[in-house]
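What follows is the residue order along each chain.
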Amino acid sequence: MADNYESIPLDLWIMNHPKEEDIRTVFINMDIALKYIHEHGYCIEVFYPSEIEILNNELDHIQFKKLIELSRDPAIKQQMIKEDLFNSALMQIGLYFYSDGLGLSINTILYNLKPEILKENFDAYSQVIPEGDTPYYRGIILRGATVYLCEFVQEKNNRELQELEKQLAPDDQKNFEPAQIKKVPSNNKVNDNIYRQINGLRDAAFISVLTIPTVIIIVMIIIMIFSWVISIG
């Protein structure tokens, strides 16, 4: 885990930051971190706001506290990633619901917001989602899409920018060059530091794999030498 960081659990942070814009920014950065974790071969073991932390009050410093390794089987791996994205969307909608000021606690909302309930009543719950993001959550919850929120937002921004430039372009389109497509920000420098334990776990496993056979070989050599010494004694 990252060192020298002051942390606050996501649920407590949400209680003190009711602005939709701030919450949405955290969720986008949370998905950037989630994508980073998946790309490094891990997923989330416990997807609950008390097990997710914001570090140093920086909205792009998101730490998932409990990780597990992704399966090596491609089909199982894809399913694990899909479940992470669904659980992330489910939690985010619950936290938007809480921030809407209905007087219920976060724990009460998330406990009662079951997947089947959200699927059956998505249109009602979608009223608390920021305008423009509803198609993303609908795709994740109802269609099982495997798209990160950060990817959806970047693609949406690119399309809006291109449309705006088309509207502003002169009548003569010969020299018009559309805006360059921007990629999803990686935030790798921050996440490399926060999730140093990912490489640490892999290194430890690798060392363990190498060490055990080495020890066995050394022991066998010692036994052989000892047996040889006795045989010639």
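Computed from a prediction, not measured in an experiment: that's the story for all the values here.

Novice: Residue-level account of helix α3 (residues 74-99), with values.
Specialist: Taking 1.5 Å of rise per residue, 26 residues should cover 38 Å, and α3 covers 37 Å from first to last C-alpha, within 8% of that figure. Between the side-chain oxygen of the N-cap and the backbone nitrogen of A75 there are 3.0 Å, and the N-cap of α3 in question is D73. One or two positions beyond α3, positive phi appears at G101, with a value near 80°.

Novice: I'd like a description of the packing of helix α2 (residues 20-39) against α3, backed by residues and values.
Specialist: Interhelical geometry of α2 versus α3 gives an angle of 165° and a closest axis separation of 11 Å. Judged by the angle between their axes, α2 and α3 are roughly antiparallel. Crossing hand, α2 versus α3: right-handed. Counted together, E20, I23, R24, F27, M30, D31, L34 and H38 of α2 and I81, D84, L85, S88, M91, Q92, L95, Y96 and S99 of α3 form the full contact between these two elements.

Novice: Describe the packing of aromatic side chains, naming the residues involved and giving the relevant values.
Specialist: Within this structure, the stated rule accounts for six aromatic pairs. Taken together, a centroid distance of 5.6 Å and an interplanar angle of 70° make the contact between F47 and F64 edge-to-face. Highlighted residues: F47 in the loop between β2 (42-44) and β3 (52-55) and F64 in strand β4 (residues 62-64), separated in sequence by 17 residues. Relative accessible area serves as the criterion here: at 15%, F47 is assigned to the buried category. Through pairs of rings, three or more aromatic residues link up here, namely Y136, Y137 and F152. Above the face of the Y111 ring, K114 is positioned so that its terminal group lies 4.5 Å from the ring centre.

Novice: How would you sum up a nonpolar patch on the surface? Please name residues and give values.
Specialist: A cluster of nonpolar residues, L161, L164 and L168, forms a patch on the protein surface that exposes about 280 Å² of accessible area. With respect to the element layout, L161 can be found in helix α8 (residues 149-168).

Novice: A description of the sheet that holds β4 should follow, citing residues and the corresponding values.
Specialist: Strands sit in the order β1-β3-β4 across an open sheet of three strands; the sheet is antiparallel. The sheet is open, and its two edges are formed by β1 (7-9) and β4, each paired on a single side. Each strand axis lies, on average, 30° off the axis of its neighbour in the sheet, ignoring direction. In the packing of α2 onto the sheet, contacts are made with β3 and β4, and the angle to β4 comes to roughly 50°.

Novice: Requested: an account of the side chain of N191, with residues and values cited.
Specialist: Mapped onto the elements, N191 comes out in helix α9 (residues 188-194). N191 gets classed as buried once you look at its relative accessible area, which sits at 1%. Apart from the residues within four sequence positions on either side, N191 is in contact with I32, A33, Y36, I62 and S186.

Novice: Explain the nonpolar core residue by residue, including any values.
Specialist: One finds L10, F27, F64, Y137 and Y195 to be the most contacted residues of the largest nonpolar core, which totals 57 residues. If you tally residues by element for this core, the top one is α3, at eleven residues.

Novice: Break down the packing of α2 against α8 for me, citing the residues and quoting the values.
Specialist: One can describe the packing of α2 onto α8 by two numbers: an axis separation of 7 Å at closest approach and a directional angle of 115°. Packed against α2, whose contacting residues are R24, F27, I28, D31, I32 and K35, the element α8 presents L149, C150, E151 and V153 at the interface. A class-by-class count of the residues in the contact of α2 with α8 yields six nonpolar, no polar and four charged.

Definitions and cut-offs
- Residues numbered from 1 in each chain as written.
- Predicted model: local features only at pLDDT ≥ 70, side-chain atom pairs only at ≥ 80, totals over all residues.
- Heavy atoms only, no water.
- Helix = DSSP H or I, 4+ residues; strand = E, 2+ residues; numbered from the N terminus.
- Expected span 1.5 Å × (residues − 1).
- Polar contact = N/O pair within 3.5 Å; in protein donor to acceptor, adjacent residues only side chain to side chain.
- Axes fitted to C-alpha atoms, helices over the stretch in contact; angles between N-to-C directions.
- Parallel < 35°, antiparallel > 145°, perpendicular 65-115°, else oblique.
- Left-handed = near helix turned anticlockwise from the far one by under 90°.
- Contact = heavy atoms within 4.5 Å.
- Phe/Tyr/Trp six-rings, centres within 6.5 Å; stacked < 30°, edge-to-face > 60°.
- Buried < 20%, exposed > 50% of the residue type's maximum accessible area, 1.4 Å probe, protein only.
- Lys NZ or Arg CZ within 6 Å of the ring centre and 35° of its normal.
- Patch = residues over 30% accessible without salt bridge, like charges linked within 9 Å, V, L, I, M, F, W, Y side chains within 5 Å.
- Areas by Shrake-Rupley, 256 points an atom, 1.4 Å probe, with all protein chains shown as cover.
- Salt bridge = Lys/Arg side-chain N within 4 Å of Asp/Glu carboxyl O.
- Pairing = 2+ DSSP bridges.
- Core = buried A, V, L, I, M, F, W, Y, C linked by side-chain atoms within 4.5 Å.
- Nonpolar A, V, L, I, M, F, W, Y, C, P; charged D, E, K, R; others polar.

Keep in mind that these numbers describe shape and distance, not what the molecule does.
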